[in-house]
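Descriptive analysis of the structure
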Amino acid sequence: MCKLCERGWLQPHAASSRRQFFKTSTGAGVAAAAGMALFNAPARAHGDDDGPEHSGRHGRRYVIRGGAVMSMDPRVGNFATGDVLIEGKKIVAVGRHINAGGAAVIDARGRIVMPGFIDTHHHLFETALRSWLADGLLINDGSDTPSGNQTYYENILLRFAPVYRPQDVYINHLFGGLAQLDDGVTTVHDVSQIHHSPQHSDAAIQALFDTGRRAAFGYFESAGGSNPDNKYPDDAVRIRNRWFSSNDQLVTMIMGGEIYLPGYEKAWKIGRDLGLPIAAHILSPFGMRPTFDLLAQGKGGDSGTLGLGSDNLFIHMTGMSDLAWQKVKDVGASVSLAVPIEMNMRHGIPPILKLQQLEMEPSLSVDVECTMTADFFTQMRSMMTMQRMVVNQMVLEQGDFNPPNQWPTPTKDKPKLLNTRDVLRYATVNGARDLRLEKKVGSLTPGLEADVLILDAQAINVAPLNHVPGAVVSLMERTNVETVIVAGKIRKWKGRLLDVNLNRLRREIESSRDYLFSAAGIAQDLFGNAD
């Protein structure tokens, strides 16, 4: 692979490389299903503008001029009217007015300029199953109700997941990744639990590279039971050597090690031997609390000596003991919260108050699109609204709901209400920290790589602009994401994804969906079960 392709900036010769990959790794059928037409955008009218030419290439300079710049770096500050100068893949300068010489100019007047969103937990392989589980729960609860019967564990993991072919993995990862890029999510941790064979793993990774955004490939288990071609966790060594020998690329690697699976210590040991972060879902509905307590005491795993470390990323953290929480804080482990999913699927109350009590902060994550949108504006609003609902009720209950005690002053023991700046930090800076990418992205800081959003603040749902963090968190949605830049390269321009054939992509994801339902023996019912 050439240096530019290795870094995620696909060059023209990538077409032959991609075809060869599908021939050798996933069969000729995939080559037909995921050929180059996915990446060749339909012809446009003469004069259409794709932004500054050759953005992201070494030495190419352009300046984003005149926007409301929210850097997310207190050392850099914010600018009601400011500029961001980019050269190659790096941010060179951020300020009120930058003398950019002959650099190309992006006019950002009436726009908000900020870092890209970072999703620290997303099961991309489930994209074709979007909304199917909108009414469902995590596990069957014996209630014999539509929600109790249509569940994530029994249906998504045990019925759908086992029938995935490598080509399904590829198109699901690609389509879901491009959809999030369109939404302004420039980095994702793909919690990939679909490793039925090395070919499945390679298809997932290739799709992450082909998406052209930043990603951490999470190498987790093969969901759905035993598979003779399943090489997890041992294949991590091959994967690391083949795909992640360079530290200077858009896609990195995380080791998955679920503590509810037998022999999880082996996965953790492999990850630590390879110098990889280690991630795991931690939630009480699967009975993990006793196992996690042992880990917190340094008595985990088959050896009885495994412990927590600063290399751990824990997802959800619902229902865990005070002992375990204190150890997570003490060792400097990270916590990712997927608030809409946790509330919807009965994971337990998202533990933001516990994090606040320990003076910790989470990152934000999407989790599963089979249940809820991968839109990051939804993630931020849900976090803020849920926390404020709980705290506001705590304050109201200090009184007796009768005058003059119907509106009490919060006592000092009450948690601080989250504000829009808090959740923006969770969605950017904290995400970079938790994926060990803080030296590359997360803020508009000179020297970091340019993962940048330009958001339309003149749109009818936002104008007039009065408060930048408030506008982003409380008013905006996907249509406000006008331009998306990854490592200096423009990937979305003036509301349109570049270099993809969305019509062809849509047909391919629909074809994968039809196959998955058929192979899993689940009827396609557009209107679901009646109550």
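Quantities reported herein were computed from a predicted structural model and do not represent experimental measurements.

Thresholds, definitions, all that
- Along every chain, residues carry numbers that run from 1 in the direction the sequence is written.
- Thresholds applied to this predicted model are a pLDDT of at least 70 for local features of residues and 80 or more for the giving and counting of side-chain atom pairs; totals over whole chains, interfaces and linings are not thresholded and use all residues.
- As a rule here, side-chain values cover all heavy atoms of the structure and leave hydrogens and water aside.
- For helices the rule is a DSSP run of H or I covering at least 4 residues; for strands it is a run of E covering at least 2, with both sets numbered from the N terminus onward.
- Pairs of N or O atoms within 3.5 Å make up the polar contacts considered here, provided that, within protein, one atom can donate a hydrogen while the other can accept it, and that residues adjacent in sequence are counted only when both atoms are side-chain atoms.
- Residue contacts follow a heavy-atom distance rule, with two residues in contact if any of their heavy atoms lie within 4.5 Å.
- DSSP calls a pair of strands paired once it identifies at least 2 bridges connecting them.
- Note on geometry: axes are lines fitted to C-alpha atoms, helical ones only across the stretch in contact, with angles between N-to-C directions running from 0 to 180 degrees.
- Each angle is binned into one of four classes, with values under 35 degrees roughly parallel, values over 145 roughly antiparallel, values of 65 to 115 roughly perpendicular, and all other values oblique.
- Left-handed describes a crossing whose near helix is turned anticlockwise from the far helix by less than a right angle; the clockwise case is right-handed.
- Ten residues, namely Ala, Val, Leu, Ile, Met, Phe, Trp, Tyr, Cys and Pro, are considered nonpolar, four, namely Asp, Glu, Lys and Arg, are considered charged, and the remaining ones, Gly among them, are considered polar.
- Per-residue confidence from the predictor is given as pLDDT, running between 0 and 100.

1. Details of the side chain of Asp311
Its place among the elements puts Asp311 in the loop between α10 (289–296) and β11 (312–318). A distance of 2.8 Å separates polar atoms of two side chains, one belonging to Asp311 and the other to Arg272. Beyond its immediate sequence surroundings of up to four residues, Asp311 is in contact with Arg272, Leu276, Pro277, Ile278 and Arg436.

2. So, the sheet that holds strand β8 (residues 214–219)
Strand order across the open sheet formed by eight strands is β6-β7-β8-β9-β10-β11-β12-β13, with parallel pairing between neighbours. Here the strands that pair on one side only, and so sit at the sheet edges, are β6 (117–122) and β13 (363–364).

3. Quick look at the packing of α10 against helix α11 (residues 322–331)
Orientation of α10 relative to α11, taken along the N-to-C sense of each, is 45°, at an axis distance of 9 Å. Taken together, α10 and α11 sit at an angle that is classed as oblique. Read as a crossing pair, α10 and α11 show a hand that is left-handed. Across the interface between the two elements, Phe292, Asp293 and Ala296 of α10 pack against Leu323, Ala324, Lys327 and Val328 of α11. Taken together, the residues of the contact of α10 with α11 break down into five nonpolar, no polar and two charged.

4. Observations concerning the confidence of the model for the chain
Caution applies to low-pLDDT parts of the model: their predicted coordinates are not meant to be read in detail. For the chain, per-residue confidence averages 92 on the pLDDT scale, and residues scoring 70 or more make up 91% of the total. The low-confidence segment residues 21–34 (pLDDT under 50) makes 27 contacts with residues lying over four places distant or belonging to another chain.

5. Things to note about unusual backbone geometry
The omega angle of the peptide bond from Tyr232 to Pro233 is 0°, so this bond is cis rather than trans. Relative to the helices and strands, Pro233 is located in the loop between β8 and α8 (236–243). Residue Pro403 is joined to Pro404 through a cis peptide bond whose omega torsion reads 5°. Mapping Pro404 onto the fold places it in the loop between α14 (376–396) and α15 (420–427). At Asp144, a residue that is not glycine, the phi angle is positive and equals roughly 55°. Mapping Asp144 onto the fold places it in the loop between β6 and α4 (146–149).

6. Examining the environment of Asp168
By secondary structure assignment, the location of Asp168 is in helix α6 (residues 166–182). Residues Asp168 and Leu516, spaced 348 residues apart in sequence, show a C-alpha to C-alpha distance of 8.3 Å. Apart from the residues within four sequence positions on either side, Asp168 is in contact with Val163, Ser512, Tyr515 and Leu516. A polar contact of 2.8 Å, which involves the side chain of Asp168, links it to the side chain of Ser512.

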